[in-house]
Amino acid sequence: MNQTPMYKVRKATREDCPAIFALIKELAKFEKAEDEVEITVEQLESDGFGPNPKFSCLVAESQGEAVGAAVYYSKYSTWKGSCLYLEDLVVEKSQRRKGVGAILFSTLVKEAGNLGMKRMSWQVLQWNETAIAFYKKNNATLDDEWINCSFNEQQLKEWGK
């Protein structure tokens, strides 16, 4: 994996789940959506480190403590083939603007290449100007043509009733 003198990036383990959960909660707070986090540490452990992992995760460490994480998974494009989807990249508030996000992102881009992915994609909130500037600086394509769509759990349960 990747590292700098202050930060080391590695694959997450089951033991990292409490720290990953704390980072997820911190991200939700940053996005002003604290009440929307429904996942638990136990669900992270089961979903990410059980017999059929649904996601992968990189962790950035500083002095043995997790200070950032990138949660990602494989998806499939009917036009391109296998793709990597970055669900969330989060850095502890006290560690922001120190290069942690950049090293996580760089490591993930390399991982996508090593896995033979045809594309890597992610979303960014329109008001997150710092992240948008970072992605633009790194020549990412920002697409304003596609509209995000979703069903929540209740909508899924009510479908077809």
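Residues numbered from 1 in each chain as written. Predicted model: local features only at pLDDT ≥ 70, side-chain atom pairs only at ≥ 80, totals over all residues. Heavy atoms only, no water.

Caption draft 1: How the structure looks around the nonpolar core. By size, the foremost hydrophobic cluster in this structure holds 20 residues, and its most contacted members are Leu58, Leu84, Val100, Leu104, Leu108 and Met120. Those elements giving two or more residues to this core turn out to be strand S2 (56-62), strand S3 (65-77), strand S4 (81-91), helix H3 (100-114) and helix H4 (129-137). Looking at which element gives the most residues to this core, the answer is H3, with six residues. Apart from residues lying up to four places away in sequence, Leu58 is in contact with Met1, Val9, Arg10, Lys11, Ala12, Gly68, Ala69, Ala70, Tyr72, Leu104, Thr107 and Leu108. (Core = buried A, V, L, I, M, F, W, Y, C linked by side-chain atoms within 4.5 Å. Buried < 20%, exposed > 50% of the residue type's maximum accessible area, 1.4 Å probe, protein only. Helix = DSSP H or I, 4+ residues; strand = E, 2+ residues; numbered from the N terminus. Contact = heavy atoms within 4.5 Å.)

Caption draft 2: Representation of the packing of aromatic side chains within the structure. Counted under the stated rule, the structure contains nine aromatic pairs. Both rings, one in Phe49 and one in Phe55, keep their centres 6.2 Å apart while their planes meet at 85°; by these two values the pair is edge-to-face. When its relative accessible area of 21% is taken as the criterion, Phe49 is described as partly exposed. With relative accessibility at 12%, the residue Phe55 sits in the buried group. Each ring, one from Phe105 and one from Trp122, has its centre 5.2 Å from the other, and the planes form 80°; the classification is edge-to-face. Remark: Trp122 occurs in strand S5 (residues 119-122) and Phe105 occurs in helix H3; sequence separation between them is 17 residues. (Phe/Tyr/Trp six-rings, centres within 6.5 Å; stacked < 30°, edge-to-face > 60°.)

Caption draft 3: Spotlight on the packing of helix H1 (residues 17-30) against helix H2 (residues 41-49). Across the interface, H1 lies against H2 with an axial gap of 9 Å and an inter-helix angle of 115°. With respect to H2, the axis of H1 lies roughly perpendicular. In this structure, H1 crosses over H2, and the sense of that crossing is right-handed. On H2, the residues that touch Cys17, Pro18, Ile20, Phe21 and Ile24 of H1 are Val41, Leu44, Glu45 and Phe49. When grouped by side-chain class, the residues that make up the contact of H1 with H2 number eight nonpolar, no polar and one charged. (Axes fitted to C-alpha atoms, helices over the stretch in contact; angles between N-to-C directions. Parallel < 35°, antiparallel > 145°, perpendicular 65-115°, else oblique. Left-handed = near helix turned anticlockwise from the far one by under 90°. Nonpolar A, V, L, I, M, F, W, Y, C, P; charged D, E, K, R; others polar.)

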